[in-house]
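Listed below, chain by chain, are the residues.
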Amino acid sequence: EIALHYKNLNFKIKDASDVITFEGAFAPSVGQAAYVTSCAALGLASTALVLTIQFPALGNAWYLMCLFSPFAGQYYWENAERVETVRVKLVTSDDDTETDIVLEASKDEIERFGEELPYNMKGMKRVRGVFDNQAKKEKAEA
């Protein structure tokens, strides 16, 4: 079930010894690059507005700073690709009644694992939210 979960997320099994290592590559997103560029343009335009009011001698020349906003998107695009590694170890109790899953991953991957798979964190109880049943019905209908 765990291997299927990570295969559905486009992770590949890199090593399958005592500790199973999954590796997945995340590519940059065009939408996020556009968002970063537009945020930079808005920030630079706001700064230009303040500088235009503060130093009126230069006029509207401050707005030329907005031409640098695509560099924010370019920086994101060049540095956003990353490789995510997840290590999973199954530890069984001596009487084989309980199996602990030791997961070493980024915070986002651990949260996704906890949300999508029906396992509880050690020492915690799962409390279903108001919309949990509705989300299951929507998944079943899709």
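Residues numbered from 1 in each chain as written. Predicted model: local features only at pLDDT ≥ 70, side-chain atom pairs only at ≥ 80, totals over all residues. Heavy atoms only, no water.

### Digging into the sheet that holds strand β3 (residues 82-92)
Strand pairing in a sheet takes place through backbone hydrogen bonds and is either antiparallel or parallel in direction.
Then step 1. Strands sit in the order β1-β2-β3-β4 across an open sheet of four strands; the sheet is antiparallel. Edge positions in the sheet fall to β1 (12-16) and β4 (99-104), since each of these pairs with one other strand and no more. Sheet twist, expressed as the average angle between the axes of neighbouring strands with direction ignored, equals 25 degrees.
Then step 2. Relative to β4, helix α4 (residues 107-116) is tilted by about 150 degrees, and along the sheet it contacts β2 (20-26), β3 and β4. (Pairing = 2+ DSSP bridges. Helix = DSSP H or I, 4+ residues; strand = E, 2+ residues; numbered from the N terminus. Axes fitted to C-alpha atoms, helices over the stretch in contact; angles between N-to-C directions. Contact = heavy atoms within 4.5 Å.)

### So, the nonpolar core
Then step 1. I2, Y6, F11, F22, V86, V88, L103, F113 and L117 form the largest nonpolar core, which has nine residues in total.
Then step 2. Every element with two or more residues in this core is listed here: α1 (2-8) and β3. (Core = buried A, V, L, I, M, F, W, Y, C linked by side-chain atoms within 4.5 Å. Buried < 20%, exposed > 50% of the residue type's maximum accessible area, 1.4 Å probe, protein only.)

### Looking at the confidence of the model for the chain
Then step 1. With 82% of its residues at a pLDDT of 70 or more, the chain has an overall mean of 83.
Then step 2. Mean pLDDT per element in the chain: helix α5 (residues 132-141) is the minimum at 60, and helix α2 (residues 30-54) is the maximum at 96. (pLDDT = per-residue confidence, 0-100.)

### What to know about the pairing of β4
Then step 1. Where β3 meets β4, six bridges bridge the pair, whose relative direction is antiparallel. Note that in β4 the partner of K89 across the bridge is V102.
Then step 2. Taken together, β3 and the strand that follows it, β4, pair antiparallel across an intervening segment of six residues, in which D96 is found at a positive phi of about 55 degrees.

### A look at the pattern of salt bridges
Then step 1. Per the counting criterion, the structure on display carries five salt bridges.
Then step 2. Here K14 and E23 are joined by a salt bridge, their closest N and O atoms 3.3 Å apart.
Then step 3. With a shortest N-O distance of 3.3 Å, R87 and E104 are connected by a salt bridge. Here R87, found in strand β3, pairs with E104, found in strand β4; they are 17 residues apart in sequence, far enough to count as distant.
Then step 4. Classification of R87 by relative accessible area gives partly exposed; the value is 35%. (Salt bridge = Lys/Arg side-chain N within 4 Å of Asp/Glu carboxyl O.)

### Brief notes about the packing of aromatic side chains
Then step 1. All told, the structure shown has three aromatic pairs when counted by the stated rule.
Then step 2. The lysine or arginine in question, R82, covers the ring of F26, its NZ or CZ lying 4.6 Å from the ring centre. (Phe/Tyr/Trp six-rings, centres within 6.5 Å; stacked < 30°, edge-to-face > 60°. Lys NZ or Arg CZ within 6 Å of the ring centre and 35° of its normal.)

### Focus on the side chain of E84
Then step 1. Mapped onto the fold, E84 is located in strand β3.
Then step 2. Of note is the side chain of E84, whose polar atom sits 2.8 Å from the side chain of S106.
Then step 3. Apart from the residues within four sequence positions on either side, E84 is in contact with F11, F22, E23, G24, F26, S106 and E109. (Polar contact = N/O pair within 3.5 Å; in protein donor to acceptor, adjacent residues only side chain to side chain.)

### Description of the environment of S38
Then step 1. Tracing the chain through its elements places S38 in helix α2.
Then step 2. You can call S38 partly exposed: its relative accessible area is 39%.
Then step 3. Taking C-alpha positions, S38 is 7.3 Å from S69, a pair spaced 31 residues apart along the chain.
Then step 4. Only 2.9 Å separates the side chain of S38 from the backbone oxygen of Y35, close enough to count as a polar contact.

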